[in-house]
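Residues per chain, in single letters:
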Amino acid sequence: QVQLVESGGGLVQAGGSLRLSCAASGSIFRLYAMGWYRQAPGKQRELVARFISGGGTNYAESVKGRFTISRDNAKNTVYLQMNSLKPEDTAVYYCAAGRAAVGMNYWGQGTQVTVSS
């Protein structure tokens, strides 16, 4: 099992920045992917950014150039730096981890990000 705990959400004005953190614990070896998803009201959950096995990253087109995913292996923590935030970035952001190329097996509780116009 893997436990994921997010922090860092909040309310920010458009154009502002936030940094989310996700601390992982448990059986974190041999994870294929780890990163961030989000779900806005009335919409499906979508990928924001994630690390995949081999060191690669995936980003949603809508956040490229504004969001950056990073990690601190010593702390088993993944970060999401969000700059130039827009109202459409408002969502619950979830940290997730998976052991295969398809699907994520573990989810955090989510943290609310609200961007006001």
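Residue numbering note: each chain is counted from 1, following its sequence as written. Totals for whole chains, interfaces and linings use all residues, but because this is a predicted model, local features are given only for residues with pLDDT of at least 70 and pairs of side-chain atoms are given and counted only at 80 or more. Excluded from the side-chain calculations are hydrogens and water; all other atoms, namely the structure's heavy atoms, are used.

A look at the state of the cysteines
Quick note on the threshold: Put simply, a disulfide is two cysteine sulfurs that come within 2.5 Å. To qualify as a helix, a DSSP run of H or I must reach at least 4 residues; to qualify as a strand, a run of E must reach at least 2; elements of each kind are numbered from the N terminus. Burial status follows relative accessibility: with a 1.4 Å probe on protein chains alone, a residue under 20% of its type maximum counts as buried, one over 50% as exposed, and anything between as partly exposed.
Applying the stated rule across the entire model yields one disulfide. One disulfide bridge connects Cys-22 with Cys-95, the sulfur atoms lying 2.0 Å from each other. Handedness of the Cys-22-Cys-95 disulfide follows from its S-S torsion of about -80°: it is left-handed. Of the two residues, Cys-22 is situated in strand 3 (residues 18-26) and Cys-95 in strand 9 (residues 91-98); the sequence distance between them amounts to 73 residues. Classification of Cys-22 by relative accessible area gives buried; the value is 0%.

Considering the environment of Gln-39
Here is the rule: Whether two residues are in contact is decided by their heavy atoms, any of which lying within 4.5 Å being enough. What qualifies as a polar contact is a pair of N or O atoms within 3.5 Å, subject to a donor-acceptor requirement within protein and to the restriction that residues adjacent in sequence count only when both atoms come from side chains.
Along the chain, the position of Gln-39 falls in strand 4 (residues 33-39). Once the C-alpha coordinates of Gln-39 and Tyr-93 are considered, the two residues, 54 residues apart in sequence, prove to be 6.6 Å apart. Leaving out residues up to four positions away in the same chain, Gln-39 has contacts with Gln-44, Arg-45, Ala-91, Val-92 and Tyr-94. Polar side-chain contacts of Gln-39 include one of 3.1 Å to the backbone oxygen of Lys-43.

Description of the pattern of salt bridges
Worth spelling out the cut-off: Just to be clear on terms, a salt bridge is a Lys or Arg side-chain nitrogen sitting within 4 Å of an Asp or Glu carboxyl oxygen.
Under the criterion given, the structure shown has four salt bridges. Across the pair Asp-89 and Arg-66 runs a salt bridge whose closest N-O atoms are separated by 2.8 Å. On the criterion of sequence distance, the pair formed by Asp-89 in the loop between strand 8 (77-82) and strand 9 and Arg-66 in the loop between strand 6 (57-59) and strand 7 (67-72) is long-range, its members being 23 residues apart. One exposure class covers both Asp-89 and Arg-66, and it is buried. Among the charged side chains, a salt-bridge network with shared partners connects Arg-38, Glu-46, Arg-66 and Asp-89.

Section: the sheet that holds strand 3
To keep it simple, the criterion reads: Pairs of strands are assigned from DSSP output, requiring at least two bridges between the strands. Where helices are involved, their axes are fitted lines through C-alpha atoms of the stretch in contact, as for all axes, and angles between N-to-C directions lie from 0 to 180°.
Read across the open sheet, the four strands follow the order 1-3-8-7; overall the sheet is antiparallel. Every other strand in the sheet has two partners, leaving strand 1 (2-7) and strand 7 as the edge strands with one partner each. Here the strands of the sheet are splayed against their neighbours by 20° on average, with no regard to which way each runs.

Comments concerning the nonpolar core
Worth spelling out the cut-off: Throughout, nonpolar core names a set of buried Ala, Val, Leu, Ile, Met, Phe, Trp, Tyr and Cys residues whose side chains join them through atoms within 4.5 Å.
Formed by 29 residues in total, the largest nonpolar core has its most connected members in Leu-4, Trp-36, Leu-80, Met-82 and Tyr-93. For this core, the elements supplying multiple residues, two or more each, are strand 1, strand 3, strand 4, strand 5 (46-52), strand 7, strand 8, strand 9 and strand 11 (111-116). Membership of the second largest hydrophobic core comes to five residues, among which are Ala-33, Tyr-37, Ile-52 and Met-104.

Quick look at the pairing of strand 4
Of all seven residues in strand 4, six are buried, a share of seventy percent or more. Where strand 4 meets strand 5, six bridges bridge the pair, whose relative direction is antiparallel. When the bridges of strand 5 are listed, Ala-33 appears paired with Ile-52. Between the antiparallel neighbours strand 4 and strand 5 lie six residues, among them Gly-42 with a positive phi of about 75°. In this sheet, strand 9 lies alongside strand 4 in antiparallel orientation, the contact comprising seven bridges. Counted as the bridge partner of Met-34 is Ala-97 from strand 9.

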